[in-house]
Amino acid sequence: MSELLTRLQSEWRVAKSGALARMPLYHQLYAMLKESIISGTIAHDERMPTEQQLVATFGVSRITAKRAMDELAAENLVARFRGKGSHVIYQHAAQPLNAPPVGMLESLADMGQHGLVRVVHIETAKPPEPMRKLLETEPNETANRLVRVRSHENGEPYAYYVSWTIGNLRDWTREHLEQTPRLQVMRDNGISIARIRQTLSASNAPINVAAELGVAPGTALLSIVRQSRDRDGKVVDVLDCLYNPERYQYAMHVDVETPA
């Protein structure tokens with residue numbers, strides 16, 4: 001089995017374990033492939049698995065595999081080339097927004113003490129290329145991937161998190177991470193964050209994220225990618241957040257000094 005199909009099997013397990021499992025099978029396959037393309041698990045210009053490979057790998061019918069690929073082509077995520085198969089044509093480069101957030105770590109720690117957290121998936125894996133660049137790791141280096149959904153105390157989900165954390169971590173388990181703020185677990189493992197860089201943008205909800213947050217697919221979400229470095233300047237964690245703006249707002253206070 002190719003490395004790509006092995007990576008997609010991991011994504012498929014995540015999809016099947018979440019709210020996406022309640023959707024029709026072709027939607028599950030389409031949503032998983034779409035999210036893999038957008039996240040960079042399947043890179044720009046990379047060849048997609050054939051319909052026969054999708055059937056053999058995920059146990060779906062030929063009709064299901066074809067319909068999923070047709071949906072991807074209709075959204076201009078992939079293109080079919082005679083004799084060469086289907087290739088990813090989606091390409092996106094985020095433009096960073098730098099800002100000096102005040103009391104960010106304290107605010108994040110406080111938020112972690114409130115509300116409900118559900119771990120959707122946890123694994124150790126090789127990050128896809130875009131995430132690997134953010135983590136500044138070697139091509140074959142692994143990291144700790146964690147997928148979570150955060151809800152208000154009344155049970156309304158408002159945030160979908162995908163994080164990648166470096167190192168061999170103690171107590172990095174589903175049960176512990178649902179009871180203890182992730183930043184606290186990182187501190188308990190000796191990870192000290194000295195610098196944070198954030199990128200804020202808007203994003204349309206993929207089908208699997210929409211199902212977890214209880215919104216319609218394509219709903220506009222607030223996207224925050226947070227890259228954290230330790231005191232030596234090494235990237236130790238990258239957190240990719242999607243928020244429902246109707247249930248969550250991001251406020252930042254900046255002190256401005258007036259030139260003399």
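Residues numbered from 1 in each chain as written. Predicted model: local features only at pLDDT ≥ 70, side-chain atom pairs only at ≥ 80, totals over all residues. Heavy atoms only, no water.

Caption draft 1: The arrangement of the overall build of the protein in detail. Helix and strand counts for the protein stand at nine helices and eight strands. Counting the 260 residues in the protein, one finds 46% classified as buried. Summarising the internal contacts of the protein: among those between residues at least 6 apart in sequence, 61% fall at separations of at least 24. Carbon and sulfur atoms make up 49% of the accessible area of the protein, which amounts to about 14000 Å² in all. (Helix = DSSP H or I, 4+ residues; strand = E, 2+ residues; numbered from the N terminus. Buried < 20%, exposed > 50% of the residue type's maximum accessible area, 1.4 Å probe, protein only. Contact = heavy atoms within 4.5 Å. Areas by Shrake-Rupley, 256 points an atom, 1.4 Å probe, with all protein chains shown as cover.)

Caption draft 2: Broad picture of the pairing of strand β7 (residues 220-229). Burial analysis of β7 places seven of its ten residues in the buried class, the great majority of the element. Both strand β6 (residues 195-204) and β7 contribute to a ladder of ten bridges, which runs antiparallel. Bridged to R195 within β7 is R229. With eight bridges joining them, β7 and strand β8 (residues 235-243) adopt antiparallel strand pairing. Residue pairing for β8: L222 is matched across the bridge by Y243. Hairpin connection between β7 and β8: a loop of five residues separates the two successive antiparallel strands, and G233 in this loop has a positive phi of roughly 85 degrees. (Pairing = 2+ DSSP bridges.)

Caption draft 3: The sheet that holds β7, seen in detail. With respect to topology, six strands assemble into an open sheet ordered β3-β4-β5-β8-β7-β6, the strand pairing being antiparallel. Unpaired on one side and paired on the other, β3 (116-125) and β6 mark the two borders of the sheet. Averaged over all pairs of adjacent strands, the angle between strand axes in this sheet comes to 15 degrees, irrespective of strand direction. (Axes fitted to C-alpha atoms, helices over the stretch in contact; angles between N-to-C directions.)

Caption draft 4: Here's a closer look at the pattern of salt bridges. Scanning the model with the defined rule gives eleven salt bridges in all. Between K126 and E3 there is a salt bridge; the shortest N-O distance is 3.0 Å. With K126 in the loop between β3 and α6 (129-135) and E3 in helix α1 (residues 3-17), the pair connects residues that are 123 residues apart, well separated along the chain. Given a relative accessible area of 46%, E3 falls into the partly exposed group. Residues E51 and R62 are paired through a salt bridge, measuring 2.9 Å at the closest nitrogen-oxygen approach. (Salt bridge = Lys/Arg side-chain N within 4 Å of Asp/Glu carboxyl O.)

Caption draft 5: The arrangement of helix α4 (residues 62-74) in detail. An ideal rise of 1.5 Å per residue puts 18 Å on 13 residues; α4 measures up with 18 Å between its terminal C-alpha atoms. Listed in full, the buried residues belonging to α4 are T64, A65, A68, M69, L72 and A73. Taken together, the buried residues of α4 touch α2 (25-39), α3 (51-58), β1 (78-81) and β2 (85-88). One or two residues past the end of α4 sits N76, with phi positive at roughly 60 degrees. (Expected span 1.5 Å × (residues − 1).)

Caption draft 6: Seen up close, α2. The first and last C-alpha atoms of α2 sit 21 Å apart over 15 residues, in line with the 21 Å expected at 1.5 Å per residue. All buried positions along α2 are accounted for by Y26, Q28, L29, Y30, A31, M32, L33, K34, S36 and I37. In the stretch just after α2, G40 is the one whose phi turns positive, near 95 degrees.

Caption draft 7: View of unusual backbone geometry. Look at E136: it is not a glycine, yet its phi comes out positive at around 60 degrees. Among the structural elements, E136 can be located in the loop between α6 and β4 (143-151). A positive phi is found at D171, a non-glycine position, where the angle reads about 60 degrees. Along the polypeptide, D171 turns up in the loop between β5 (157-165) and α7 (174-179).

Caption draft 8: Layout of the packing of α3 against α4. Two elements in contact, α3 and α4, have axes whose closest approach is 9 Å; the angle formed by their N-to-C orientations is 120 degrees. One finds that α3 runs oblique with respect to α4. You can see that α3 and α4 cross each other, and the crossing is right-handed. Listed contacts from α4 to E51, Q52, L54 and V55 of α3 are R62, A65, K66 and M69. Residues that form the contact of α3 with α4 fall into these classes: four nonpolar, one polar and three charged. (Parallel < 35°, antiparallel > 145°, perpendicular 65-115°, else oblique. Left-handed = near helix turned anticlockwise from the far one by under 90°. Nonpolar A, V, L, I, M, F, W, Y, C, P; charged D, E, K, R; others polar.)

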